[in-house]
Amino acid sequence: MNQLIEYIVWGAIAVGILLFLSMLIRFIQERKRRKSYERLMQTTQIRDVDEMDGYVFEDFLAHVFEDLGYEAVATQRSNDFGADVMLQHDEGKIVIQAKRYQDKVGLKAVQEIYAAQAFYEANEAWVITNNYYTQAAKQLATACHVTLMNREDLIDLLKERKKVMKSSRRAS
């Protein structure tokens, strides 16, 4: 009987050790994955953006703006009331509609971010794309005071981020 109890105890210890090792391996793998993801986010260029899916683009923009000194949060994936990213900065709250498109962005994006600005009581509303805008989108954005950032603006934003990242690495 004592030998049976001893086997059970040693078996439980072995299972505990295996569970611990399994969790440790998962932790190490997740940490490596997160570091490679962060490295990718820091070196991304416009051609990389063109290959992202929409949700990755939203997360990417949040990282870019964090690197530029904003408090940035990607909103939930659905029922976000038109805002994909929310920023907080000296200027106040800014809502962003992120459009990683292969075609020009139409006025629906402007309508959605304008509604999000009202819903979230934001000071500013921006639409950011890796492409360009239709004439209708530009006209509505002007009337609604929505900032449109096109492909060239995004490239400039990535260059600015790169400068900030270099200077922060030198400082540390």
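This text goes with the structure placed above it.
Keep in mind that this is a model prediction, so the values were computed, not measured.

Draft legend 1. Representation of the pairing of strand β2 (residues 85-89) in the model. Sheet analysis places strand β1 (residues 71-74) next to β2, joined by four bridges and oriented antiparallel. Across the sheet, E71 pairs through a bridge with Q88, a residue of β2. As paired elements, β2 and strand β3 (residues 92-99) share five bridges and run antiparallel to each other. Bridge pairing links M86 to V95 in β3. Hairpin connection, β2 to β3: the antiparallel pair is bridged by two residues.

Draft legend 2. Focus on the packing of helix α4 (residues 107-119) against helix α5 (residues 135-144). Remark: α4 packs on α5, axes separated minimally by 8 Å, with the N-to-C direction vectors making an angle of 20°. Viewed along their axes, α4 and α5 adopt a mutual orientation that is roughly parallel. Each of L107, V110, Q111 and Y114 in α4 lies in contact with α5, whose residues at this interface are A136, A137, L140, A141 and C144. Classifying every residue of the contact of α4 with α5 by side-chain character gives eight nonpolar, one polar and no charged.

Draft legend 3. Spotlight on the environment of A136. Mapping A136 onto the fold places it in helix α5. Distance in space between the C-alpha atoms of A136 and K108 is 9.7 Å, their sequence separation being 28 residues.

Draft legend 4. Up close: the side chain of T129. Along the chain, T129 turns up in strand β4 (residues 124-129). Within the structure, the side chain of T129 is placed 2.7 Å from the backbone oxygen of K99, a separation counted as a polar contact. Among the polar contacts made by the side chain of T129, one reaches the main-chain amide nitrogen of N131 at a distance of 3.1 Å. Setting aside its immediate chain neighbours within four residues, T129 contacts K99, Y101, V105, M149, N150, R151 and L154.

Draft legend 5. Geometry of the sheet that holds β2. Taken together, five strands build an open sheet; the order of strands is β1-β2-β3-β4-β5 and the sheet is mixed. With partners counted over all chains shown, the strands left at the sheet margins are β1 and β5 (147-149), one partner each. Shown here is a sheet whose adjacent strand axes are inclined to one another by a mean of 20°, direction ignored.

Draft legend 6. Representation of the pattern of salt bridges. All told, the structure shown has three salt bridges when counted by the stated rule. In this structure, the salt-bridge partner of D67 is R161, at a minimum N-O distance of 2.7 Å. Linking D67 in helix α3 (residues 54-67) with R161 in helix α6 (residues 151-171), this pair joins segments that are 94 residues apart in sequence. By relative accessible area, which is 3% here, R161 ends up buried.

Draft legend 7. Structural context of the side chain of T75. Considering the arrangement of structural elements, one finds T75 in the loop between β1 and β2. Separated by 2.5 Å, the side chain of T75 and the backbone oxygen of A83 make a polar contact. Filtering out sequence-adjacent residues up to four positions away, T75 remains in contact with D80, A83, D84, V85 and M86.

Draft legend 8. Just a nonpolar patch on the surface, in detail. Together, I5, V9, W10, I13, I17, L18, F20, L21, L24, F27 and I28 line one region of the surface with nonpolar side chains, adding up to about 1100 Å² of accessible area. With respect to the helices, strands and loops of the structure, I13 is situated in helix α1 (residues 2-43). According to the relative accessible area criterion, I13 is partly exposed, its value standing at 38%.

Cut-offs and rules
Residues numbered from 1 in each chain as written. Predicted model: local features only at pLDDT ≥ 70, side-chain atom pairs only at ≥ 80, totals over all residues. Heavy atoms only, no water. Pairing = 2+ DSSP bridges. Helix = DSSP H or I, 4+ residues; strand = E, 2+ residues; numbered from the N terminus. Axes fitted to C-alpha atoms, helices over the stretch in contact; angles between N-to-C directions. Parallel < 35°, antiparallel > 145°, perpendicular 65-115°, else oblique. Contact = heavy atoms within 4.5 Å. Nonpolar A, V, L, I, M, F, W, Y, C, P; charged D, E, K, R; others polar. Polar contact = N/O pair within 3.5 Å; in protein donor to acceptor, adjacent residues only side chain to side chain. Salt bridge = Lys/Arg side-chain N within 4 Å of Asp/Glu carboxyl O. Buried < 20%, exposed > 50% of the residue type's maximum accessible area, 1.4 Å probe, protein only. Patch = residues over 30% accessible without salt bridge, like charges linked within 9 Å, V, L, I, M, F, W, Y side chains within 5 Å. Areas by Shrake-Rupley, 256 points an atom, 1.4 Å probe, with all protein chains shown as cover.

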